[in-house]
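Each chain, letter by letter, is given below.
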Amino acid sequence: MYVDSHCHLSFPELAGQLADIRAEMAAAGVDRALCICTTLEEFDTVHAMAVAHDNFWCTVGVHPDNEGIAEPTPGDLCERAARDKVVAIGETGLDYYRLNGRSVADMAWQRERFRVHIDAARATGLPLVIHTRSASDDTLAILREQGGAQAGGVFHCFTETLAVARAALDLGFYVSFSGILTFRNAVELQEVARFVPLERCLIETDSPYLAPVPFRGKINTPARVPFVAKQLAALKGLEVAEVAEATSRNFERLFARTQPVATQSIDRDKQSIT
Ligand SMILES: [Zn+2]
Ligand SMILES: [Zn+2]
């Protein structure tokens, strides 16, 4: 069984298709998915999806690319993070890819928004789902300054260098690979995937984007995450079943609130005994 650790099922490309998406997931052996929030305005829709389905969870956060939307306070994030089925803060981070004529200095608002998310993650004890594009130095620097390692989390849809992967691992973060790993020209990323220890790897689709080969360019859905697992297995010289199993266990370990309720209460009992 596979887990899609990052998808956007509320986006227009996929909205209204949940029954089909879930049937395809089941047929493909994808038994769980994490639905990612990108604006406060979107949260109720994403959260309702998680509440309505046993095998869906969700996050709360405001994507660094989003402008002209409600700017979150730590309180906005913490209040929503306390709700049922919310297992992480994000996606958050920095994106300097489309500056639209602005300089990096002009993006102070993105860095401030990122700090707010890190504060909320530390306050709630939930992990961070990090988005970083053309901004890895600042992303790592702010994580260090703001105590992001205390929260931990994942660098999602990883496309950075081996050095950035090493820095993320050193901070205790997981690294998540998307369909980009299957692209023929993603040679450097494939090296990164060989390097990251299996026990720190996650897999994702980032649906509706980044469909893996042989669906490249099409609308993506969580049912295609096995193609990412297959590629990761090939790169590491492992059986795909081993990668499916390990990435599922990693998902449970990182997003501890995705564990079945019974397991959580056993863990809590253990803590109170020791
Ligand atoms: Zn992202
Ligand atoms: Zn995303």
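Refer to the structure above for everything that follows.
As the structure is a computational prediction, the values presented were derived from the model and not from experiment.

Engineer: What am I meant to see in the overall build of the chain here?
Structural biologist: Regarding its fold elements, the chain presents 11 helices and 8 strands. Against the globule reference of 19 Å for 274 residues, the chain gives a C-alpha radius of gyration of 18 Å, in line with a compact fold. Taking all 274 residues of the chain together, 55% fall into the buried category. Considering only contacts in the chain between residues 6 or more positions apart, those separated by 24 or more positions represent 73%. Accessible area of the chain: about 11700 Å², with a carbon and sulfur share of 53%. Computing the positive centroid from 27 side-chain charges and the negative centroid from 36, the chain places the two 3 Å apart.

Engineer: Just checking my understanding: could you explain the nonpolar core for this structure?
Structural biologist: Side chains that are nonpolar tend, in soluble globular proteins, to be buried together. L128, L143 and F177 are the most contacted members of the largest nonpolar core, which has 72 residues in total. Among the elements that line this core, the one with the most residues is helix α9 (residues 225-236), at 6 residues. Sequence-distant contacts of F177, defined by excluding residues within four places in its chain, comprise L189, V192, A193, V196, C201, L202, I203, E204, V228 and L232.

Engineer: Quick question: what am I supposed to make of unusual backbone geometry here?
Structural biologist: In most cases, non-glycine residues show a negative phi, while peptide bonds are predominantly trans. Looking along the chain, the bond that leaves G90 and enters E91 is cis, with omega of 10°. Looking at where E91 falls in the secondary structure, it is placed in strand β4 (residues 86-95). Put simply, S207 and P208 share a cis peptide bond, and its omega is 10°. Relative to the helices and strands, P208 resides in the loop between β8 (201-203) and α9. A positive phi angle is found at S134, which is not glycine, with a value near 55°. Secondary-structure assignment places S134 in the loop between β5 (128-133) and α5 (136-145). Residue D206 is not a glycine yet carries a positive backbone phi of 55°. Along the chain, the position of D206 falls in the loop between β8 and α9.

Engineer: Hey, could you run me through empty space enclosed by the protein in this one?
Structural biologist: Rolled over the atoms, a probe sized like a water molecule indicates the empty space that remains. In this structure the tally under the stated criterion is 1 cavity of 30 Å³ or more. There is about 30 Å³ of room inside the largest cavity. S5, H6, V129, V154, H156, S176, L202, E204 and F255 are the residues that line the largest cavity. Here the residues of the lining of the largest cavity sort into 4 nonpolar, 4 polar and 1 charged.

Engineer: What am I meant to see in the coordination of the zinc ion (ligand 2) here?
Structural biologist: Ideal values for angles at a metal depend on the geometry: 109.5 degrees with four tetrahedral donors, 90 or 180 degrees with six octahedral donors. Coordination of the zinc ion (ligand 2) by the protein is provided by H6 (NE2), H8 (NE2), E91 (OE) and D206 (OD), with metal-donor distances spanning 2.0 to 2.8 Å. Considered as a linear motif, the donors of the zinc ion (ligand 2) on their single chain read H-x1-H-x82-E-x114-D. Accessibility expressed as a relative area gives 9% for D206, which makes it buried.

What counts and what doesn't
Residues numbered from 1 in each chain as written. Chains lettered and ligands numbered in written order. Predicted model: local features only at pLDDT ≥ 70, side-chain atom pairs only at ≥ 80, totals over all residues. Heavy atoms only, no water. Helix = DSSP H or I, 4+ residues; strand = E, 2+ residues; numbered from the N terminus. Rg over C-alpha atoms; globule rule 2.2 N^0.38 Å. Buried < 20%, exposed > 50% of the residue type's maximum accessible area, 1.4 Å probe, protein only. Contact = heavy atoms within 4.5 Å. Areas by Shrake-Rupley, 256 points an atom, 1.4 Å probe, with all protein chains shown as cover. Lys, Arg positive; Asp, Glu negative; His and termini not counted. Charge placed at Lys NZ, Arg CZ, Asp CG, Glu CD. Core = buried A, V, L, I, M, F, W, Y, C linked by side-chain atoms within 4.5 Å. 1 Å grid on protein atoms, 1.4 Å probe; cavity = no way out; pocket = protein on both sides within 12 Å on 5 of 7 lines; lining within 4 Å. Points joined across faces, edges and corners; volume = space filled by probe spheres on them. Nonpolar A, V, L, I, M, F, W, Y, C, P; charged D, E, K, R; others polar. Donors = N, O, S within 2.8 Å, 3.2 Å for Na, K, Ca; no water.

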